[in-house]
Amino acid sequence: MHIRGDHAELVVGGRLDVRSAADARTVLHSALDDGVGDLILDLTELDSWDATGLGVIMGAHRRAGRAGRRLVLRGVPPQMQRLLVATRLHRILAIEGGIAADCLPRV
């Protein structure tokens, strides 16, 4: 996993999983604590995440709220959009551009 950026926008690449969770958490918390306004989390380079990685995202979301900021996900890959829909987290997290129609459940 790699993360680059600053307190306003971070690009996450590789795998966000149990092995990289602690490092990712540290970087996200630092960015949230040091900045103001929205923190954009660009996931276009992210290959995969597991439950631990998703937990890191949710923890950052909560920390952003407590800091008066908002965590905004950008470029969420389709397979990860489907997971957000399945867990209903797409209703809680701010996702730039929303969820693709083919990832939403059919009514």
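Now for a quick tour of the structure. Just so it is clear, the model here is predicted, and its values are computed rather than measured.

## Let's talk about the nonpolar core
Ranked by internal contacts, the top residues of the largest apolar core, which has 30 residues, are Leu41, Trp49, Leu73 and Leu84. No other element matches the 6 residues that helix α2 (residues 51-66) contributes to this core. Not counting residues within four places of it along the chain, the set of residues in contact with leucine 73 comprises Leu41, Leu43, Ile57, Leu84, Leu93, Ala94, Ile95 and Glu96.

## Regarding helix α3 (residues 78-86)
Three or more residues of α3 are buried, namely Met80, Gln81, Leu84 and Val85. All buried residues of α3 fall inside an arc of 145° around its axis, so they share one side. Elements that come into contact with the buried residues of α3 comprise β3 (39-49), α2, β4 (71-74) and β5 (94-95). Trailing α3 by a residue or two, arginine 88 shows a phi angle of about 65°, which is positive.

## Remarks on the pairing of β3
Examined bridge by bridge, strand β2 (residues 9-16) and β3 share 7 bridges and lie parallel to one another. When the sheet's bridge partners are listed, glutamate 9 is paired in β3 with isoleucine 40. In this view, the connection linking β2 to its parallel neighbour β3 by way of helix α1 (residues 21-34) has right-handed handedness. As paired elements, β3 and β4 share 4 bridges and run parallel to each other. Note on β4: the bridge partner recorded for leucine 39 is leucine 71. Following the chain from β3 across α2 to the adjacent parallel β4, one finds a crossover that is right-handed.

## So, the pattern of salt bridges
Applying the stated criterion to the full structure yields 7 salt bridges. For the salt bridge of aspartate 33 with arginine 63, the shortest nitrogen-to-oxygen distance reads 2.8 Å. Of this pair, aspartate 33 sits in helix α1 while arginine 63 sits in helix α2; the two residues are 30 residues apart in sequence, bridging distant segments of the chain. Here aspartate 33 falls in the partly exposed class, since its relative accessible area comes to 47%. Judged by relative accessible area, which is 24%, arginine 63 ranks as partly exposed. Among the ionic pairs, arginine 70 bridges to aspartate 38, the shortest N-O distance being 2.9 Å. One end of the pair, arginine 70, is in the loop between α2 and β4; the other, aspartate 38, is in the loop between α1 and β3, with 32 residues separating them in the sequence. Under the relative-accessibility criterion, aspartate 38 is labelled partly exposed at 34%. If you follow the salt bridges from partner to partner, you end up with Glu9, Arg74 and Glu96 in one network.

Quick notes on the rules
- Residues numbered from 1 in each chain as written.
- Predicted model: local features only at pLDDT ≥ 70, side-chain atom pairs only at ≥ 80, totals over all residues.
- Heavy atoms only, no water.
- Core = buried A, V, L, I, M, F, W, Y, C linked by side-chain atoms within 4.5 Å.
- Buried < 20%, exposed > 50% of the residue type's maximum accessible area, 1.4 Å probe, protein only.
- Helix = DSSP H or I, 4+ residues; strand = E, 2+ residues; numbered from the N terminus.
- Contact = heavy atoms within 4.5 Å.
- Arc of directions from axis to C-beta.
- Pairing = 2+ DSSP bridges.
- Right-handed = clockwise from strand over helix to strand, strands pointing away.
- Salt bridge = Lys/Arg side-chain N within 4 Å of Asp/Glu carboxyl O.

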